[in-house]
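Structural features, examined
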Amino acid sequence: MDFLGISASLTGRRWIGPSPEVERQAEALAQSDHLPLALCRVLARRQVTPGSAATFLNPQIRDLLPDPRSLRDMETAAARFLRAVERQERIAIFADYDVDGGTSAALLIDWLRRKGLHPTLYIPDRIDEGYGPNVPAMRDLGAAHDLILCVDCGTLSHEPVAAAGCDVVILDHHLGGETLPDCLAVVNPNRQDESGELAHLCAAAVVFLMLVEANRQLRDQGQTGPDLLSMLDLVALATVADVAPLIGVNRALVRQGLRVMARRERPGLVALSDLGRITTAPTSHHLGFILGPRVNAGGRVGRADLGARLLATDDPAEAQAMAEKLDQLNTERREIEAQVRAAALAQAEERGLDAPLVWAAGEGWHPGVVGIVASRLKEATNRPAVVIGLDGAEGKGSGRSIAGIDLGAAVQRLAAEGALLKGGGHKMAAGLTVARDALPDAMARLSALLEKQGAGEAGPADLRLDGLLMPGAADVDLVHQVESAGPFGAGAAAPRFAFADMRIASARRIGDTHLKIAFTDGMSPRLDAIAFGAFDTALGPALEGHNGRRFHLAGRLEINDWGGRQRLQLRLDDAAPASER
């Protein structure tokens, strides 16, 4: 049943409240664990059972970290890594150009530096070389090194790995094919011969597990390895930025990683945080929307290795210079993205937004922004989306998926069928290369594959709410309590609450698209709310011109820390007119 009877809000969404089962579980939790009902509704949605809330609210890595040796080739990979360290061999790290690749590389560089080694970092240029290992680069690296570590890439790179001519270890999480490259070790929870129990790990988490195993082997030899807990800030950043689901050990890794980051010990993240004006303890939102895009900017529109080098440096002055360059590149990236997004959305609308796949392709669209634009199309349509930049006889693109639709598997199947020149990825994201003249047929085939998974059945994204709150019950303490059930992100939606039948006390536009309001139920003090991008939808005009009408409001409670003073604020997601009385 529609929550508060809202089947079509001002943004066109249906509101869905807690199910009867969740409500019963929440009541039981409140009685057994003596916690506020609002928090218990969030815990019940996350399937926390009565009596277990304390453990969930304080996740410990030691309790949730899997045995690294449960992954195939792990012991071999760690042993070869340690042998290279012991013999002072020449080590090269070949990493992807995104946040996950950059953090994976920085983890290894940090660990090796603490052991007195300085590896070679190689990150391919997105435009000139494309994703993953290529034959010339691997051949050159192999000629000058004894061991190559491929991180966040390599699982499908048979020919480049064979060209290396030295030992290669792959630490990856992308979907594997029927055969693996011929190398010393492929550690990947998404190999086809793995159980899939750790399929939610990003590449940096896989690298972290390899370092856990390396430290274990060192202890068996009577030696001590570097402190790994101090490196969890990098794992947290990768997990959130790569949109890995925040469940199980991922939740514990991010939770502890945020604590490490709050100590401000890594010069690169300190410099980026200051440029991003992060003045409070970092959250998963900061990782995903402030730090992640800046780390990514070098690989998208600038120097590919800049983000990894920033994360790995221990020199504050060098970190400051690189952070400023990345911040500048991120601004350029936003400008390029805006142009491509407008063209892609217009093209997709002309083609139709109700198909199982929304896609667009354009001449010269920058390869560094097509993935972000695909995300925007996906968010706007609640459909898997692919955006492709055409250059000569080929097009290179990225895709983003919605929950329950495995885009990576569909793209990989298309590549195996020959409809794509190259393609791969994981459930929520994929990359592809397609011949220009094969583009329409390839997209039609991809759409058909996604339709079989149910992609065409999705309507406008529902707004799922964790219940109803009165303004008088919302305070800073409640926000802290609810946030203890986090961190929130992919696979763990942020808690959202509804405020019913509210009067808009004030409303003013901020900039071109945002709206700031204050609302009240007439009995409690006013509560502030901000709606970003409100004037991109019907939300802004309706609330700004409320004319005394009352509204149901929905969003996420947060703390606005301004000038050292904490104030409660609603991050407004949606609204609907209340029934006239």
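See the structure printed just above.
All of these numbers come straight from a predicted model, not from anything done at the bench.

On inspection of all chains with the given rule, the structure shows three aromatic pairs. Note that Arg 251 overlies the ring of Phe 56, its terminal NZ or CZ placed 3.7 Å from the centroid. When the ring centre of Trp 359 is taken as reference, the NZ or CZ atom of Arg 351 above it lies at 3.6 Å.

The tendency in soluble globular proteins is for nonpolar side chains to be buried as a group. Ranked by internal contacts, the top residues of the largest apolar core, which has 83 residues, are Phe 81, Leu 108, Trp 111, Met 210 and Leu 211. Here the element with the most residues in this core is helix H9 (residues 203-220); it accounts for 11 residues. Leu 108 has contacts with Phe 81, Ile 93, Leu 149, Val 151, Val 207, Met 210 and Leu 211, leaving out every residue within four places of it along the chain. Ranked by size, the runner-up nonpolar core spans 42 residues in total, among them Ala 38, Val 42, Phe 488 and Ala 534.

Each α-helix turn comprises 3.6 residues. Residues three or four places apart therefore point the same way. Along its 12 residues, helix H16 (residues 370-381) runs 16 Å from first to last C-alpha, staying within 8% of the 16 Å computed at 1.5 Å per residue. Restricting attention to buried positions, one finds in H16 the residues Val 370, Gly 371, Ile 372, Val 373, Ala 374, Ser 375, Leu 377 and Thr 381. Looking at the packing, one finds that the buried side of H16 touches helix H13 (284-301), helix H15 (316-351), strand S7 (358-363), strand S8 (385-391) and strand S9 (394-400). Looking at the residues trailing H16, positive phi occurs at Asn 382, about 55°.

This part takes up the packing of H15 against H16. Taken N-terminus to C-terminus, the directions of H15 and H16 make an angle of 50°; their axes are 9 Å apart at the nearest point. For the element pair H15 / H16, the angle class is oblique. H15 and H16 meet at a crossing whose hand is right-handed. Listed contacts from H16 to Arg 333, Glu 337, Val 340, Arg 341, Ala 344 and Leu 345 of H15 are Ile 372, Val 373, Arg 376 and Leu 377. Looking at the contact of H15 with H16 residue by residue, the classes come out as six nonpolar, no polar and four charged.

Among the seven residues that make up strand S11 (residues 429-435), five are buried, leaving the element largely enclosed by the rest of the structure. Across seven bridges, S9 lies against S11 in antiparallel orientation. If you follow Gly 395 over to S11, its bridge partner there is Val 434. Bridge analysis of strand S10 (residues 422-426) against S11 gives five bridges, and the strand direction is antiparallel.

Bridge analysis of strand S13 (residues 497-510) against strand S14 (residues 514-520) gives seven bridges, and the strand direction is antiparallel. When the sheet's bridge partners are listed, Arg 503 is paired in S14 with Thr 520. The loop that links S13 with its antiparallel partner S14 comprises three residues; one of these, Gly 511, has a positive phi angle of about 65°.

Below, the discussion takes up the sheet that holds S11. Spatially, the five strands line up as an open sheet ordered S7-S8-S9-S11-S10, and their pairing is mixed. Every other strand in the sheet has two partners, leaving S7 and S10 as the edge strands with one partner each. Going from strand to strand, the sheet's axes swing by 15° on average, the running direction of each strand aside. Taken strand by strand, H16 contacts S7, S8 and S9, and its axis lies near 45° from that of S9. Sitting on the sheet, helix H17 (residues 407-417) touches S9, S10 and S11, and the angle it makes with S10 is about 160°.

The N-to-C vectors of H9 and helix H10 (residues 232-241) enclose an angle of 150°; their axes lie 8 Å apart at closest approach. By the angle between their directions, the pair H9 and H10 is classed as roughly antiparallel. Between H9 and H10, the residues in contact are Ala 204, Ala 205 and Phe 208 and Leu 232, Val 235 and Ala 238, respectively.

About the thresholds
Residues numbered from 1 in each chain as written. Predicted model: local features only at pLDDT ≥ 70, side-chain atom pairs only at ≥ 80, totals over all residues. Heavy atoms only, no water. Phe/Tyr/Trp six-rings, centres within 6.5 Å; stacked < 30°, edge-to-face > 60°. Lys NZ or Arg CZ within 6 Å of the ring centre and 35° of its normal. Core = buried A, V, L, I, M, F, W, Y, C linked by side-chain atoms within 4.5 Å. Buried < 20%, exposed > 50% of the residue type's maximum accessible area, 1.4 Å probe, protein only. Helix = DSSP H or I, 4+ residues; strand = E, 2+ residues; numbered from the N terminus. Contact = heavy atoms within 4.5 Å. Expected span 1.5 Å × (residues − 1). Axes fitted to C-alpha atoms, helices over the stretch in contact; angles between N-to-C directions. Parallel < 35°, antiparallel > 145°, perpendicular 65-115°, else oblique. Left-handed = near helix turned anticlockwise from the far one by under 90°. Nonpolar A, V, L, I, M, F, W, Y, C, P; charged D, E, K, R; others polar. Pairing = 2+ DSSP bridges.

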